[in-house]
Amino acid sequence: MAKEDVESGLTWEVRANSRHYHKHKQKRSFLCFRWGRYVDNVVRSYKYSPLTFLPLTLFEQFQRAANIYYLLMVVMQCIPAISSIPWYTNTIPLLIVLSVRGLKDLANDLARRRSDSQINSRPCDVLISQSFSTAQWKDLCVGDVLRIHKDQIIPADVLLLCSSEPHSLCYVETADIDGETNLKYRQALAATHDELTSEPSEESLAAFDGVVLCEEPNNRLYSFRGQLHWRGQSLLLDNEHILLRGTVLRNTEIAYGMAIYTGADSKILRNSGKLRVKTTQTEKILNRAVIVIVLFLLIAALLLAIGCGVFASAVLTRIEVLSALLVDGNSIYTAFLTFWGYVILLSPAMPMSLYISFDVVHMVHSLFIGWDIEMHWEQTDCPAQARNTSLNEELGQVGYLLSDKTGTLTQNRLLFRQCCIAGEIYGDASISAEETEPMDLSWNPFSCGGLFMSAPRLVERLREQQCPDSRQFFTALALCHTVMAEWRKEAPVYQAASPDEEALVGAARELGWVFLSRRRECITVSELGVTRQYQLLALLDFTSKRRRMSVLVREPEGRLKLYSKGADIVILERLQRDCPYQESTESALELFAQACLRTLCVAVRSVPEVLWEQWSKTLAHSATMTTCDRDILLEELYDVMERDLQLLGVTAIEDRLQDGIPETIAMLRQAGLKVWVLTGDKKETAVNIGYSCKLLDPDTRLLEWQELRQILQSPDPGVSFFKARQTELWAVDRETAGEKTAVVLTGPELAEFAERPEWATTFMGLARHCQSVLCCRVTPGQKADIVTLVRKHTSSVTMAIGDGANDVNMIKTAHIGVGLAGVEGGQAVQNADFSLAQFRFLQRLLLVHGRWSYHRIAFFLRYYLYKTCGFALVHIWFGFFNGFSAQSLYENWFIALYTTFYTALPVQCMAIFEQDVRAEGSLRWPELYKVGQRQELFNPLVLSATLMYAVYTSLVLFFIPLGVFYNSALDYQTMAVTVGMAAVFSANIEVVLLTRYWTKFNIAAVCVSVLMYFICTRITHSPRLFQNSPADYFFPGVSDKAFVDPVVWLTALLTAWTAVLPSFTVYALNIILTSHDKHKVHSTSHQPVVLKSTKFNRGNSARRSSYAVSQGHGTGRLITSATSIRSTAPPVDEKVTTSKDLTDSQGQIHIKENNNGPSYEKLNGTSKQMNHDR
Amino acid sequence: MVKEEPEFVNRPDNTAFTQQRLPAWQPMLSAGIVIPGFVLIGLAFIGIGIALFVTSQNIQVLEKDYTGVELNSPCYKCSDSNVKNCECKLDFSLDKLFEGPVFFYYGLSNYFQNYRRYGVSRDDDQLSGDLANFKEPSEDCTPYQYDSNNSPIVPCGSVANSKFNDTFELYQIVNGAKKLVPFDGKGIAWWTDYNVKFRNPDVVPLRNAFNGTVKPIFWSRPAYELDPSDPANNGFVNQDFLVWMRRAALPDFRKLYRRITEGDYATGLPAGNYSLEIAYNYPVLSFDGRKKVVFSNVSWMGGKNQFLGIAYLVIGSMCVVMSMVMLIVYAKFKFPEDE
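Residues numbered from 1 in each chain as written. Chains lettered and ligands numbered in written order. Predicted model: local features only at pLDDT ≥ 70, side-chain atom pairs only at ≥ 80, totals over all residues. Heavy atoms only, no water.

Q: Please explain the overall build of chain B as it appears in this structure.
A: Of the regular secondary structure elements, chain B holds 9 helices and 10 strands. Against the compact-globule benchmark of 20 Å for 339 residues, chain B has a radius of gyration of 30 Å, which places it well outside the compact range. Taken across its 339 residues, chain B has 50% of its residues classed as buried. Residue pairs in contact within chain B that sit at least 24 positions apart in sequence constitute 78% of those at least 6 positions apart. Accessible surface, chain B as shown: approximately 16,300 Å² in total, 54% of it carbon and sulfur. If you average the places of the 33 positive and of the 37 negative side-chain charges in chain B, the two averages end up 3 Å apart. (Helix = DSSP H or I, 4+ residues; strand = E, 2+ residues; numbered from the N terminus. Rg over C-alpha atoms; globule rule 2.2 N^0.38 Å. Buried < 20%, exposed > 50% of the residue type's maximum accessible area, 1.4 Å probe, protein only. Contact = heavy atoms within 4.5 Å. Areas by Shrake-Rupley, 256 points an atom, 1.4 Å probe, with all protein chains shown as cover. Lys, Arg positive; Asp, Glu negative; His and termini not counted. Charge placed at Lys NZ, Arg CZ, Asp CG, Glu CD.)

Q: I'm lost on the interface of chain A and chain B in this one. Help?
A: One widely used convention gives an interface's size as the accessible area the parts lose upon coming together. Between chain A and chain B, the contact holds 92 residues from the first and 82 residues from the second. Buried surface at the junction of chain A and chain B, summed over both partners, amounts to about 8,000 Å²; 66% is from carbon and sulfur atoms. Taken together, the links from chain A to chain B amount to 4 salt bridges. Between Arg11 of chain B and Glu378 of chain A there is a salt bridge, and its shortest N-O distance comes to 2.9 Å. The interface formed by chain A and chain B contains 25 residue pairs in polar contact (both at pLDDT 80 or more). Partitioning the side of chain A that touches chain B into residue classes produces 54 nonpolar, 25 polar and 13 charged. (Buried area = accessible area lost by both parts, 1.4 Å probe. Salt bridge = Lys/Arg side-chain N within 4 Å of Asp/Glu carboxyl O. Polar contact = N/O pair within 3.5 Å; in protein donor to acceptor, adjacent residues only side chain to side chain. Nonpolar A, V, L, I, M, F, W, Y, C, P; charged D, E, K, R; others polar.)

Q: Looking at this model, I keep getting lost on helix 33 (residues 892–902) of chain A. Mind explaining?
A: For an α-helix, the turn length of 3.6 residues means that residues three or four places apart are oriented alike. In terms of burial, helix 33 of chain A is largely enclosed, as 8 of its 11 residues are buried. Taken residue by residue, helix 33 of chain A has Asn892, Trp893, Phe894, Ile895, Leu897, Tyr898, Thr899 and Tyr902 of chain A as its buried positions.

Q: How should I be thinking about the confidence of the model for chain A in this particular structure?
A: Reading fine detail from the predicted coordinates is not recommended where pLDDT is low. In this model, chain A carries a mean pLDDT of 82, and residues with pLDDT of at least 70 account for 86%. Here residues 1124–1174 of chain A scores under 50 on pLDDT; set against residues more than four positions off or in separate chains, the count is 73 contacts. (pLDDT = per-residue confidence, 0-100.)

Q: I keep staring at the confidence of the model for chain B and nothing clicks. Help me out?
A: All names here are of chain B. Residues with a pLDDT of 70 or more make up 97% of chain B, whose mean pLDDT is 88. Taken element by element, chain B is modelled with least confidence in helix 2 (residues 116–119), mean pLDDT 86, and with most confidence in helix 8 (residues 239–245), mean pLDDT 93. For this predicted complex, the interface confidence score (ipTM) comes to 0.94, while the overall pTM stands at 0.84.

Q: Explain the packing of helix 10 (residues 281–314) of chain A against helix 12 (residues 331–346) of chain A here, please?
A: What describes two packed helices is the angle between their axes and the distance between those same axes. All names here are of chain A. It is at 8 Å that the axes of helix 10 and helix 12 come closest, and there the two elements cross at 145°. Like other packed secondary-structure pairs, helix 10 and helix 12 cross with a definite hand, here right-handed. Contact with helix 10, carried on its side by Leu297, Leu298, Ala300, Ala301, Leu302, Leu304, Ala305, Cys308, Gly309, Ala312 and Ser313, involves Ser331, Thr334, Ala335, Thr338, Phe339, Tyr342, Val343 and Leu346 of helix 12 and no other residues of that element. A per-class count over the contact of helix 10 with helix 12 returns 14 nonpolar, 5 polar and no charged. (Axes fitted to C-alpha atoms, helices over the stretch in contact; angles between N-to-C directions. Left-handed = near helix turned anticlockwise from the far one by under 90°.)

Q: Looking at this model, I keep getting lost on a negative patch on the surface. Mind explaining?
A: Residues and elements named next belong to chain A. On the surface, a cluster of negative charge is contributed by Asp629, Asp631, Glu635 and Glu636. Looking at the element boundaries, Asp631 is found in helix 20 (residues 627–641). Overall, the relative accessible area of 43% leaves Asp631 in the partly exposed class. (Patch = residues over 30% accessible without salt bridge, like charges linked within 9 Å, V, L, I, M, F, W, Y side chains within 5 Å.)

Q: Just checking my understanding: could you explain unusual backbone geometry for this structure?
A: Backbone geometry follows two general trends: most residues other than glycine have a negative phi, and most peptide bonds adopt the trans configuration. Omega for the bond connecting Thr142 of chain B with Pro143 of chain B falls within 30 degrees of zero, at 5°, which places this linkage in the cis form. Mapped onto the secondary structure, Pro143 of chain B falls in the loop between helix 4 (132–135) and helix 5 (158–161). Look at Asn967 of chain A: it is not a glycine, yet its phi comes out positive at around 55°. Residue placement: Asn967 of chain A occurs in the loop between helix 37 (940–965) and helix 38 (972–994). Judged by its relative accessible area of 19%, Asn967 of chain A is buried. A positive phi angle is found at Asn175 of chain B, which is not glycine, with a value near 55°.

Q: What is the right way to look at the pairing of strand 10 (residues 290–297) of chain B in this model?
A: Successive residues of a regular strand alternate their side chains across the two faces of the sheet. Residue and element names in this part refer to chain B. Strand 10 sits mainly inside the fold: 7 of its 8 residues count as buried. Two elements, strand 1 (residues 61–65) and strand 10, share 5 bridges in a ladder whose sense is antiparallel. Paired with Glu63 across the strands is Val294, a residue of strand 10. As judged from the 8 bridges shared by strand 4 (residues 102–109) and strand 10, these two strands associate in the antiparallel manner. Note that in strand 10 the partner of Leu108 across the bridge is Lys291. (Pairing = 2+ DSSP bridges.)

Q: Sorry if this is basic, but what is going on with the state of the cysteines here?
A: Here, disulfide denotes a covalent bond that connects the sulfur atoms of two cysteines. On inspection of all chains with the given rule, the structure shows 3 disulfides over all chains. One disulfide in the model links Cys75 of chain B with Cys88 of chain B; its S-S distance is 2.0 Å. Judged by the torsion about the S-S bond (75°), the Cys75 of chain B/Cys88 of chain B disulfide is right-handed. Residue Cys75 of chain B is found in the loop between strand 1 and strand 2 (86–94), and its partner Cys88 of chain B is found in strand 2; the two are separated by 13 residues along the sequence. Residue Cys75 of chain B is classed as buried on the basis of its relative accessible area of 0%. What makes Cys88 of chain B buried here is its relative accessible area of 4%. Numbered by position along the chain, the disulfide-linked cysteines of chain B connect as 1-4, 2-3, 5-6. In this structure Cys448 of chain A is not part of a disulfide, and its nearest cysteine sulfur, from Cys419 of chain A, lies 18 Å away. (Disulfide = S-S within 2.5 Å.)

Q: Before we go on, may I ask you to explain helix 26 (residues 747–755) of chain A in this structure?
A: All names here are of chain A. All buried positions along helix 26 are accounted for by Gly747, Glu749, Leu750 and Phe753. Each buried residue of helix 26 lies within a common arc of 160° when the element is viewed along its axis, so the set occupies one face. For helix 26, the exposed residues lying more than 90 degrees away from the buried face are Pro748 and Glu755. For helix 26, the elements touching its buried residues are helix 23 (705–713), strand 31 (741–746), helix 27 (757–767), strand 32 (772–776) and helix 28 (780–793). (Arc of directions from axis to C-beta.)

Q: Would you take a moment to explain the sheet that holds strand 8 (residues 169–173) of chain A for this structure?
A: Remark on secondary structure: sheet strands pair via backbone hydrogen bonds, oriented parallel or antiparallel. Residue and element names in this part refer to chain A. The sheet built from 3 strands is open, its strands ordered 9-8-14 with antiparallel pairing. Every other strand in the sheet has two partners, leaving strand 9 (183–187) and strand 14 (248–250) as the edge strands with one partner each. On average, adjacent strands in this sheet sit at an angle of 45° to one another, irrespective of strand direction. Inspection of the sheet shows strand 8 paired to strand 9 by 5 bridges, in the antiparallel sense. Bridge pairing in strand 9 links Tyr171 to Tyr185.

Q: Is there a simple way to think about the nonpolar core in this case?
A: Generally speaking, nonpolar side chains in soluble globular proteins are found buried as a group. Judged by nonpolar contacts, the single largest core of 205 residues is most densely connected at Met350 and Phe958 of chain A together with Phe168, Leu170, Trp244, Leu269 and Phe295 of chain B. Of all the elements, helix 42 (residues 1046–1083) of chain A adds the most residues to this core, at 15 residues. When near neighbours in sequence (up to four residues on either side) are disregarded, Trp244 of chain B contacts Tyr106, Leu108, Tyr111, Gln113, Tyr118, Val159, Ser162, Lys163, Phe164, Phe253, Lys255 and Tyr282 of chain B. Formed by 53 residues, the second largest nonpolar core is a distinct cluster that contains Leu477, Cys480, Val602 and Val604 of chain A. (Core = buried A, V, L, I, M, F, W, Y, C linked by side-chain atoms within 4.5 Å.)

Q: Honestly, the side chain of Thr1055 of chain A in this entry has me stumped. Any pointers?
A: Residue and element names in this part refer to chain A. Its location among the elements puts Thr1055 in helix 42. Overall, Thr1055 belongs to the buried group, its relative accessible area being 0%. Residues within four places of Thr1055 in sequence aside, it is in contact with Val956, Leu957, Ile960, Pro961 and Ala982.

Right under this line is the structure:
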């Protein structure tokens, strides 16, 4: 048998209740050696252990080219023969850089450890020697039998053995895994259910000794293959018997299961991808720049060294006093040493303080994000958080936003907002749910709120019993569903597999049609206080293909009625001929679609007794058939029954969006971001949300797989794409053709891209022109694949945003991952770079913080490289005048302090406080964001211009003082001070030019820096320090003399001004040329971003009728087979009291109704007019 | 309805700093400010330039090369390095009064006093009078640390070793008779140099401190006998030595030798014939070096420096030109042609 299993791929063996067996084989590791088979249930997302921290962090840090370079510098400076500046100028900064980075990584790692241990120490009940005891998740082992309580998160991939519900059914919420909102049911094998449910369950469970053979751990969320060998039987297992880690048990008191895959083997963790170290585009460019600069410096040093060799052999030998200085009398060796001397001397061009300051700036920007009160959500008291502090500038460059849907765009709350009964519309969806005037439903004892619809007229009609259609409509809502009612505190609590149904049944309850209970063959409904029992004859279940469901009931009066609800197209084509109100209902459907409401048509049919008899016979016959044939027959049978329907009305449900979603998406689109939605949910829902959150315009055409496939297959996809679009839209313009198109794909279709890489390329080419792409039914792994696809084929920065465990992989894969806080577990947040409380805070995060960060950091880096290169390259030019001897033109202390004390503060302040446009302006002109997407402020071109400018500055810094000092009595040390002074002046003037936002700190920083130069120079030139250590402070008294010398001042001033003249000119020209735009941005009051009032094209009707039931089967089968029906009937005496209350309240209402009379007339009139207008 | 302000633990502080709303000055410069600004700066530079230029023009400079490269040069005979203790005479005449105080410099060109290994070849501890370093000069001084007999060289190092050793005497020819022009050699070095940086050891007499040491190889006299006329001007605080030890920035430089501030010449050198007697010792021809003497008077800005004034004028004019260009650009931009 074992052999067979190997062949069939079922090689993973799990034995129930045999800890010692599995423990023995547990996976262990030491250093890089690993052995064993079963991993434990511990999540390890951390990187370091106390032993490995130091080597690992050093290894990581020395992967940076710059750090290696600095290490080289430090080593060389310790060699006296070549050391041209003292050792401490580089060693201390390097130590600071390494330790700061290391500590930051350590802190991040500790945070990960903390969150890991939080997850690992969650409680769960494990069966140990005949009784359940509370253990922690981390103690869980493969083969353990678990007890899971209601609303608990399932700790591992578990085989469901039995549950407290009938037939060992249980419900799980998988929103965290696949984003679907409806509950899914799982059912234990009949064998285990029968044997293990006997009381006390502990005993029988402890005796359970089944062996599961199944697939090796994998990342396929929707499939599972395995066998349970127990008591000589071999039972097939599939996905329906498995509870996945991360799902939540709902509507089920207790479920018992056996752990099959634990920890890293569980399907969700297999899907979660690897933790990657993220570096920003800017940093990549900077790294390249560093390499270029270092190469340039090395080449310069080499050339200078060659110059030194030539000079040594040609000139030096002839100067008696100098020739003795040749090292060992060998000019080549001298040149060799000089090379290293120059390498060291030029190294301040790439200072380490750049990296320190860069980190500080990042850190402060991250703090600003956390400090932003406007990104603090009061409802959960949750501020924004930058968990990765080194990606800030990338927030200003995002080109693609890949968003999850459930929980991210939507609140996962469905509200019954409008309905259309007999052609008349009730309720108004244009008023937001919160502002809807609550109706007085006090007459209804079952009312418990939650109806956001204001339609007093409807209530009147219902209660006056004058409108049979509306009564039928609500009867349909109360009967045609698969909801279970549970009695809690004398009120029915509905438990639905789909939130849509819950909303519909709930709405019916609020309006007086209360679904009380369900038994296998009857449904009890209280209609305006009158309890009626309907006999349930048949339930024609929902499937994604049928897109409708029906119930066939016998009324208490004995008539047979078929109530149907379903997608509009399906229902409308099944109506009887000349159905009244069809036209007005259709226009209502369009109106609802325009308001982005999910619609369902409700219809009824009176079924003749004869038909039913005939039909039921065939149905009974079908039960004996094989599954395959039966499905076909049932399809036909259902079709026969669901005919000649009479339209009752339309329900309109709002899939509640998170606050401010449409505004945010509109703004982001204006800012040039492409927003894609990746969801595990089904297509209809995703498209509906796409429209309602203004991601798609009403006239946007959807490009689905069939068509896309044709385009991709065509020889010239681009042309055929535009052709197809143009003919459809009558658009001549290429751009509009693309802009008005959105691609809708599903998971299986995406899988084809993996097989045909060339399609992926073409697809991305097309997608770039499209308004958006919606990917539905995608697994977490596929979400990450899409991110990878975008990363691979565009140079844009991608950002992924999500809230659940299913988004973890894409969050890790994208350049920037954003997690929405608040969801239980917080997996997404744990792995995210930034966490937000609400999607709408993205606009502030991107358009304000991101844009600022990008501006600040771009200018910061450019300025930093400018000032350091400008200052260090002077040595190249000086080399020509000192025999290429690696003589420094500055005092050692000046070199050490220049980058830190004399010039660092102002640029630091600029990088922290700079605001080219205030926050309000950034939000008012989202277009400003495009600067970052196009990388306009920091790209190789700009950077090389900066470096050229630095070269120019260094030339000026050297040659103007040269002219002054040439053939004069002024000595070297005075020249050193003069050039130094000029360098400090020009660097500070330059930063003054860059700063556009002068806070008190900026002003202080500039003043302090310049003052610092004078103070520190005076100090390091003080005689007292010289006396203590002549070798370190060998400039005594120079500044005393130089600072009172007018020539020094005039030279420094002229040099500094000449050095910054180009930048001044550019600045001035900029002002002259762009003054108009700038003023506009700063001063004009512009309308805030307004959502374009969507004009609805009658021609392209885009009705969106849908229903949030999973792609698979509905739960109808369970209901009709009564597997899940508990006795949920309300106690009889209570019923009596409730009906009493009802009559009382009815009396009160009557009085009220009189008052409402005229307004009702008026309302009715306007509504009619509205209908007419359309 | 009483609305209670709920307490938020995690609510960020609402301060100007954390909310990035610090009051700030955002200079909104316009063409109306920038262009006149440029003109003003340009004019200011031109002003400074003119002042510098005029000042520089008023400074009298007399420069004489005495390297002796040319055959007709009076020092030609000395340019042969085999000739020892060579003396030559440089005659010149002044047409008008050379206003005082007159500074007398010697100048060297193509001389790399800023060569790094040359510059570091000194022992600052020794030069500040540390006797321990008399016995064992610092490594830095190599190859002028010890002589061939392994005796420590004091002062060690190549800077000291290469001290300029030409000497000059200036005579005015009055009616055929030579009249010595008195040189003032006091205070030609920096005050910090002879009070802080360079100190003789506290040994009396000074020569005892130099026991067991040898003079630098190129020197004719030991450090403690540099100036026989003034005992205080010996050792490391000898003014000429100090001037030499203060390295020049560039290969062409001049160093102050003496000032002419005394007696009849306090107001300057009167018109007439002069003769400069030079003790020609310092070899420069081997590396194409040049030696010269310079008489110059000084202004507030020091010696003659035309470069600075011209540079100011150039940059200032550039600014003005630039502002003109900007004005044209602005005009074109603001009033396009087709309007």
